[in-house]
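Residues per chain are reported as follows:
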Amino acid sequence: MRLFFMTLAFAGAAAAQPAEFRIVQAKAVQWQPIPNGQGAQSALIAGNPSQPGTYVIRVKFPPHVMDRPHHHSRDRHVTVLQGRWVAGTGPDFAPDKAQVLTAGSYMFHPAGGVHWDGSNSDETVIVQIIGEGPVTSADVDPALASWVKLPG
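Residues numbered from 1 in each chain as written. Predicted model: local features only at pLDDT ≥ 70, side-chain atom pairs only at ≥ 80, totals over all residues. Heavy atoms only, no water.

> Please explain the nonpolar core as it appears in this structure.
Inside soluble globular proteins, nonpolar side chains tend to come together where they are buried. Residues Val59, Phe61, Trp85, Leu101, Val127, Ile129 and Trp147 are the most contacted members of the largest nonpolar core, which totals 18 residues. Of all elements in the fold, only strand S3 (53–61), strand S5 (76–82), strand S6 (84–89) and strand S10 (125–133) reach the threshold of two or more residues within this core. Take this core: its biggest share by element is four residues, from S3. Those residues in contact with Leu101 that sit more than four places away from it in its chain are Val80, Gly83, Arg84, Trp85, Ala87, Tyr106 and Met107. If you look at the next biggest cluster of nonpolar residues, it comprises seven residues, including Ala94, Ala98, Trp116 and Leu150. (Core = buried A, V, L, I, M, F, W, Y, C linked by side-chain atoms within 4.5 Å. Buried < 20%, exposed > 50% of the residue type's maximum accessible area, 1.4 Å probe, protein only. Helix = DSSP H or I, 4+ residues; strand = E, 2+ residues; numbered from the N terminus. Contact = heavy atoms within 4.5 Å.)

Written out as structure tokens, the structure is:
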């Protein structure tokens, strides 16, 4: 009986603070160029990666554009929305050895996990990333450009 009342109390508290719905239509996504990103773009869908709380961003990789090995300070969840995304782990950038993930696929990036990813085909790739802020990113080798255009 006690569990029943606790459940009711919890349900009542949750109902007292309704969340606001938010819709972002695909045509309303505001893409911004990534500095020195070889044409890659990002879009902030919700939240803010530099602030506390959940954020949602999208990254658009043009054909044959990838980022070099890097890592993030917090976990990230990546879903492929469009195209043939390739991803590898570890400090050695080897696009020919990357794992191929098609639209609908998911990859978990643990905090501190070194990885690199992008498009190594003629397709544009779009991924959606969900995480908790604040988050930082760091290149494994800051002497190299963060983004690279592969031969097509």
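Now, onward.
> Can you walk me through the side chain of His109 in this structure?
Along the chain, His109 falls in strand S8 (residues 106–109). At 3.2 Å, the side chain of His109 and the side chain of His115 are in polar contact. Among all residues touching His109, those that are not within four sequence positions of it are Arg74, Asp75, Arg76, Val78, Trp85, His115 and Asp117. (Polar contact = N/O pair within 3.5 Å; in protein donor to acceptor, adjacent residues only side chain to side chain.)

> Help me out: how do you make sense of the pairing of strand S9 (residues 115–118) in this one?
Working note: regular strand, side chains alternate between the two faces of the sheet. Of the two faces of S9, the one lined by His115 and Asp117 and the one lined by Trp116 and Gly118 are each fully buried. Strand direction decides the pairing type here: S6 and S9, joined by four bridges, are antiparallel. Note that in S9 the partner of Val86 across the bridge is Gly118. (Pairing = 2+ DSSP bridges.)

> Where do I start with the layout of surface pockets in this structure?
Where empty space is left in the structure can be found by rolling a water-sized probe over the atoms. Taken as a whole, the largest pocket encloses approximately 620 Å³ of empty space. If you go around the largest pocket, you meet 27 residues; those closest to its centre are Ile34, His72, Arg76, Ser137 and Trp147. Where the lining of the largest pocket is concerned, the elements lending two or more residues are S3, strand S4 (65–72), S5, S9, S10 and strand S11 (137–139). Per-element accounting of the lining of the largest pocket gives the leading share, four residues, to S4. (1 Å grid on protein atoms, 1.4 Å probe; cavity = no way out; pocket = protein on both sides within 12 Å on 5 of 7 lines; lining within 4 Å. Points joined across faces, edges and corners; volume = space filled by probe spheres on them.)

> Explain the side chain of His70 to me, please; I cannot follow it from the model alone.
When you line up the elements, His70 lands in strand S4. For His70, the side chain forms a polar contact with the main-chain oxygen of Arg68, separated by 2.8 Å. Among the polar contacts listed, one links the side chain of His70 to the side chain of His72, at a separation of 3.3 Å. Aside from chain neighbours lying at most four places away, what touches His70 is Gly113, Val114, His115, Trp116, Asp117, Ala138, Asp139 and Val140.

> Looking at this structure, how should I read the sheet that holds strand S2 (residues 41–46)?
Strand pairing within a sheet occurs via backbone hydrogen bonds; the two strands may be parallel or antiparallel. With antiparallel pairing, six strands are arranged side by side in an open sheet as S1-S2-S3-S10-S5-S8. Looking at the sheet topology across the chains shown, the edges are occupied by strand S1 (32–33) and S8. Two elements, S5 and S10, share six bridges in a ladder whose sense is antiparallel. Paired with Thr79 across the two strands is Gln128, which belongs to S10.

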